[in-house]
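Here's the letter readout for the chains.
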Amino acid sequence: ETQKIPTEEVQLEIYLSNGQKVKVNILTSDQTEDVLELDLPMSWWILQPLSWFRRGGMGGCTYVRKLQEFELPYVSITSLHSPDYRIILRKSYWDTAYDSDVMEDRVGLNLLYAQTVSDIERGWILVNKEQHRQLKSLQEKGSKKEFIRLAQTLKYYGYIKFDPCITDFPEKGCHVIVGAGNNELNFHVKLPSDQMKEGSFKVTRMRCWRVTSSQVPVANGTANPSSSSKCDVKLELAFEYLMSKDRLQWVTITSPQAIMMSICLQSMVDELMVKKSGGSIKKQMQKKRQNGSFQRSDSQQAVKSPPLLDSPDPSREQVVKLSTKLSSVSLRGLSSSNSASDISSNDFHGNYSFEGIGDDDL
C-alpha cells in the first residue's frame, strides 16, 4: 500500500550464484515463503532463502541482507528503483551435513554445485593447484557429488565473504575482510604496519552482539558540521567476546553489511540451539509446515486474489513453479584459472591465530 503497487501477476527475476537467472510468475502480494514453494526435499526447500545482492565492479557482488519469510520480494526489489539490486537464491544453513539431504534431489544437487563452483571462482573457497586439478577432473567426469564432497574439505567452504571494512581489533583502524561460516566470524586483517594476520571468533564465545547506526556528515567544504549538509549512515556490528578466562572484550566492525553479519550470527545460533535440543532443522520445518504456517489463510487468499485474477483467462500461461524453472538451468564448469593464485594476491590472506581465542563454550 505504501508503494501503491496493485495486486497483479508479474514476473520476478531470481538469480543463481553463477549469475544465471530464472523468471517466476508470481503475484505482487506473494511473500517470500510463497515464492519458495518448490517441489524439493524439505531440507532444501526451507533452508534456501532469497537474498538481496548489489552488483559491483569487475563482476563482483555485495550481499545486502536476507529476505524475511513475510516479506514481499517483488515490492521490496522494485521499491529500490535501482537495477543494481537483484534477488539471489543461495543456501543459508551452515552445517555441511545438510548437504547430503540437498544432494538427494537433482535440482538441489545442481543448485549446490553451481553455488560451489561460483564460490571457488570468486575466491571464497581456497583451492591450491593440486586441488584445482582434482576438481577439474571430477567436473570432466560429471561427478557433481564427488566435486562437492571434495570442496567440503577445502578451507572456507560454506562461508560468506563480506566487502573490506574497518575493525578495532587487534588495533583501531585496521582494514579487514570478514567471512562468516563454520559457526564463526573469520578475520583477515591488515594492520597499520602492513602486517597481515588471520583469526577467528567463535559464536559460542560471544556473550552478545549489537548493531548500531549513526549519522555521519558528508564533507561539503563548510566549517559548520551542523549545517544542512548531507549525511551518510554508518553501521557498526559490535560483539562481546570471551578472549580468555574471565576476560571479555568488545570487538567492533564498521561496515555497510553489519546487519547482514548480524543475521548470519543469529542464524548460526539458531542452528546450534536446534541441534543442542536434540532436534533437527529439517524436522522442525516439516512440523511447522504440517501445522499450516506455510499455508495461505482464507483472508490471505482474498487479498492475494483480486477480482481480476479470480477468473483467470484460459489463454493465460499457467504459472510455472520455481523448481521447474531451475531444472532447465544449464551449469558451467570451473574456469581454467587457478583460484588459489587469485587468493594469494589478496592483501588480507595470512596464517595467524589470535591469542586467547579457543573453542570453549560460554
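Source: prediction; values computed, not measured.

An account of the packing of aromatic side chains is requested, with residue identities and associated values reported.
With the rule as written, the count across this model stands at eight aromatic pairs. For the ring pair Phe201 and Phe239, a centre distance of 5.2 Å and an interplane angle of 65° mean the geometry is edge-to-face. Taken together, the residues Phe201 in strand S10 (residues 196-202) and Phe239 in strand S12 (residues 231-244) connect sequence positions 38 residues apart. Summarising the burial analysis for this pair, Phe201 and Phe239 share the class buried. Pairing Phe239 with Tyr241 gives two aromatic rings, centres 6.2 Å apart and planes at 80°, and the pair type is edge-to-face. What makes Phe239 buried here is its relative accessible area of 0%.

Requested: an account of the side chain of Arg90, with residues and values cited.
Among the secondary structure elements, Arg90 is positioned in the loop between strand S5 (85-89) and helix H4 (99-102). A relative accessible area of 4% places Arg90 in the buried class. A polar atom in the side chain of Arg90 sits 3.0 Å from the side chain of Asp119.

How would you explain the packing of helix H5 (residues 106-121) against helix H7 (residues 144-152) if you had to name every residue and give the values?
At a closest axis distance of 10 Å, the pairing of H5 and H7 adopts a crossing angle of 45°. Here H5 lies oblique to H7, going by the angle between them. Judged by the twist between their axes, the crossing of H5 over H7 is left-handed. Taking contact as the criterion, the partners of Leu109, Asn110, Leu112, Tyr113, Thr116, Val117 and Ile120 in H5 are, on H7, Lys144, Lys145, Phe147, Ile148 and Ala151. Considering only residue class, the contact of H5 with H7 consists of eight nonpolar, two polar and two charged.

Describe helix H6 (residues 129-141), with residues and values.
Between the first and last C-alpha of H6 there are 19 Å, a value that for 13 residues agrees with the 18 Å anticipated at 1.5 Å per step. Listed in full, the buried residues belonging to H6 are His132, Leu135, Leu138 and Gln139. Taken down its axis, H6 places every buried residue within 125° of arc, on the same side. Exposed and oriented more than 90 degrees from the buried face of H6 are Lys129, Glu140 and Lys141.

Just give me the short version of the nonpolar core, but keep the residues and values in it.
Counting residues in hydrophobic clusters, the biggest one holds 33 residues, and the most contacted among them are Val178, Leu185, Phe187, Phe201, Phe239 and Ile253. For this core, the elements supplying multiple residues, two or more each, are strand S4 (61-66), strand S8 (174-181), strand S9 (184-190), S12, strand S13 (247-254) and helix H8 (258-276). Ranked by residues supplied to this core, first place goes to H8 with six residues. Structurally, this core is a two-domain feature, drawing no fewer than three residues from each of domain 1 (8-92) and domain 3 (160-217 + 230-266). Non-local contacts of Leu185, meaning those with residues more than four positions away in its chain, are made with Val178, Gly179, Ala180, Gly199, Ser200, Phe201, Met206, Leu237, Phe239, Ile253 and Leu265.

Residues and numbers for the environment of Tyr157, please.
Among the structural elements, Tyr157 can be located in the loop between H7 and strand S6 (160-161). For Tyr157 and Leu126, which are 31 residues apart along the polypeptide, the C-alpha to C-alpha distance reads 8.1 Å. Other than its neighbours up to four places away in sequence, Tyr157 contacts Lys91, Thr96, Asp99, Leu112, Thr116, Ile125, Ile148, Ala151 and Gln152.

Explain the environment of Cys264 to me, using residue names and the numbers behind them.
Structurally, the position occupied by Cys264 is in helix H8. Among the residues examined, Cys264 registers a relative accessible area of 4% and is labelled buried. As for Cys264 and Glu184, which are separated by 80 residues in sequence, their C-alpha atoms are 9.5 Å apart.

Run through the confidence of the model for the protein, naming residues and quoting values.
Predicted confidence across the protein gives a mean pLDDT of 76, with 67% of residues reaching 70 or more. Here residues 39-49 is modelled with pLDDT under 50, and outside its nearest four sequence neighbours on either side it reaches 46 contacts, counting other chains as well. Taken together, the stretch residues 338-362 has pLDDT below 50 and engages in 64 contacts with residues farther than four places along the chain or on a different chain.

Calculation rules
Within each chain, residues carry numbers counting from 1 in the order of the written sequence. In keeping with the model being predicted, local features are shown solely for residues with a pLDDT of at least 70 and side-chain atom pairs are shown and tallied solely at 80 or more, while totals for entire chains, interfaces and linings include all residues. Side-chain measures here rest on the full set of heavy atoms in the structure, leaving out hydrogens and waters. Each Phe, Tyr or Trp ring, with Trp reduced to its six-membered ring, pairs with another whose centre is within 6.5 Å; inter-plane angles below 30 degrees give stacked pairs, above 60 give edge-to-face pairs, and intermediate values give tilted ones. Secondary structure elements follow DSSP: runs of H or I no shorter than four residues count as helices, runs of E no shorter than two count as strands, and numbering proceeds from the N terminus. Buried residues are those whose accessible area, probed at 1.4 Å on protein chains only, stays under 20% of the maximum for their type, while exposed residues exceed 50% and partly exposed ones sit between those limits. N or O atoms closer than or at 3.5 Å make up a polar contact, with two conditions inside protein: a donor-capable atom paired with an acceptor-capable one, and, for residues adjacent in sequence, both atoms drawn from side chains. For helices, the fitted line uses only the C-alpha atoms of the stretch in contact; every axis is such a line through C-alpha atoms, and the angle between N-to-C directions lies from 0 to 180 degrees. Between 65 and 115 degrees an angle is taken as roughly perpendicular, under 35 as roughly parallel, over 145 as roughly antiparallel, and anywhere else as oblique. When the near helix sits turned anticlockwise from the far one by under a right angle, the crossing is termed left-handed; a clockwise turn instead gives a right-handed crossing. Here, two residues are considered to be in contact whenever any of their heavy atoms come within 4.5 Å of each other. When residues are sorted by character, Ala, Val, Leu, Ile, Met, Phe, Trp, Tyr, Cys and Pro go into the nonpolar class, Asp, Glu, Lys and Arg into the charged class, and all the rest, Gly among them, into the polar class. The span one expects for a helix is its residue count, reduced by one, times 1.5 Å. Here, the arc refers to the directions that run from the helix axis to the C-beta atoms. As used here, the term nonpolar core means buried Ala, Val, Leu, Ile, Met, Phe, Trp, Tyr and Cys residues forming a set that is joined through side-chain atoms within 4.5 Å. The domain boundaries here were taken from an automatic or database domain assignment. Here pLDDT means the predictor's own confidence in every residue, given as a number from 0 to 100.

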